[in-house]
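Inside the fold
Below are the chains, spelled out letter by letter.
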Amino acid sequence: MRLSGLLDLVTRDDNVAEVLRRAGAASAPAALRTTVLEVSAPDALAPVLLAALARARPVLAVAATDREAEDLAAALRDLRPVDSVTEFPGWETLPHERLSPSSDT
């Protein structure tokens, strides 16, 4: 189900508009945009905020687990064009393995 119309409604909220303004997603010059922005919001609002931010610039979201990453990517695909969301899998090693990602990773 496509929910892209939801972004227009949510971005009308004063608090959401302030987050977008602080992130420089509105009309701030690129040199003045914030590169890291921490926002506390209900979990259900995170995909909507990320999708709204992604309208203006690329966004990288990091999730704690593969499951959270999959859920976030699925929600973003409902709000943004499907081909604009890419999910990078985590480095999978077992706790007892003495392997770590190479510096290239």
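Residues numbered from 1 in each chain as written. Predicted model: local features only at pLDDT ≥ 70, side-chain atom pairs only at ≥ 80, totals over all residues. Heavy atoms only, no water.

1. Some thoughts on the overall build of the protein chain
Across its full length, the protein chain carries four helices and zero strands. Going from the N terminus to the C terminus, the protein chain shows its helices and strands as α-α-α-α. Relative to all contacts within the protein chain whose residues are 6 or more apart in sequence, the contacts with residues 24 or more apart total 57%. With an accessible surface of roughly 8000 Å², the protein chain has 54% of that area assigned to carbon and sulfur atoms. (Helix = DSSP H or I, 4+ residues; strand = E, 2+ residues; numbered from the N terminus. Contact = heavy atoms within 4.5 Å. Areas by Shrake-Rupley, 256 points an atom, 1.4 Å probe, with all protein chains shown as cover.)

2. Let's talk about helix H2 (residues 14-22)
Val-16, Val-19 and Leu-20 are the residues of H2 that are buried. Within H2, the buried residues cover an arc of 95° as seen down the axis, which keeps them to one side. Summarising the geometry of H2, the exposed residues directed more than 90 degrees from the buried face are Asp-14, Asn-15 and Arg-22. At the N-terminal boundary of H2, the capping side chain belongs to Asp-13, with an oxygen 3.0 Å from the backbone nitrogen of Asn-15. (Buried < 20%, exposed > 50% of the residue type's maximum accessible area, 1.4 Å probe, protein only. Arc of directions from axis to C-beta. Polar contact = N/O pair within 3.5 Å; in protein donor to acceptor, adjacent residues only side chain to side chain.)

3. Topic: a nonpolar patch on the surface
Judged by side-chain polarity, Leu-3, Leu-6 and Leu-9 come together as a nonpolar surface patch covering roughly 240 Å² of accessible area. Summarising the element assignment, Leu-3 is placed in the segment before helix H1 (4-10). (Patch = residues over 30% accessible without salt bridge, like charges linked within 9 Å, V, L, I, M, F, W, Y side chains within 5 Å. Salt bridge = Lys/Arg side-chain N within 4 Å of Asp/Glu carboxyl O.)

4. Considerations on the layout of surface pockets
Taken as a whole, the second largest pocket spans an internal volume of roughly 580 Å³. Forming the boundary of the second largest pocket are 26 residues, of which Leu-60, Ala-61, Leu-76, Thr-86 and Glu-87 lie nearest the centre. At the level of secondary structure, the elements contributing two or more residues to the lining of the second largest pocket comprise helix H3 (46-54) and helix H4 (66-79). Residue contributions to the lining of the second largest pocket peak at five residues, all from H4. Considered class by class, the residues forming the lining of the second largest pocket number 17 nonpolar, four polar and five charged. (1 Å grid on protein atoms, 1.4 Å probe; cavity = no way out; pocket = protein on both sides within 12 Å on 5 of 7 lines; lining within 4 Å. Points joined across faces, edges and corners; volume = space filled by probe spheres on them. Nonpolar A, V, L, I, M, F, W, Y, C, P; charged D, E, K, R; others polar.)

5. Considering the confidence of the model for the protein chain
Considering every residue of the protein chain, the mean pLDDT works out to 78; 73% of them sit at 70 or more. Considering each helix and strand of the protein chain separately, the mean pLDDT is smallest for H1, with a value of 78, and largest for H4, with 91. (pLDDT = per-residue confidence, 0-100.)

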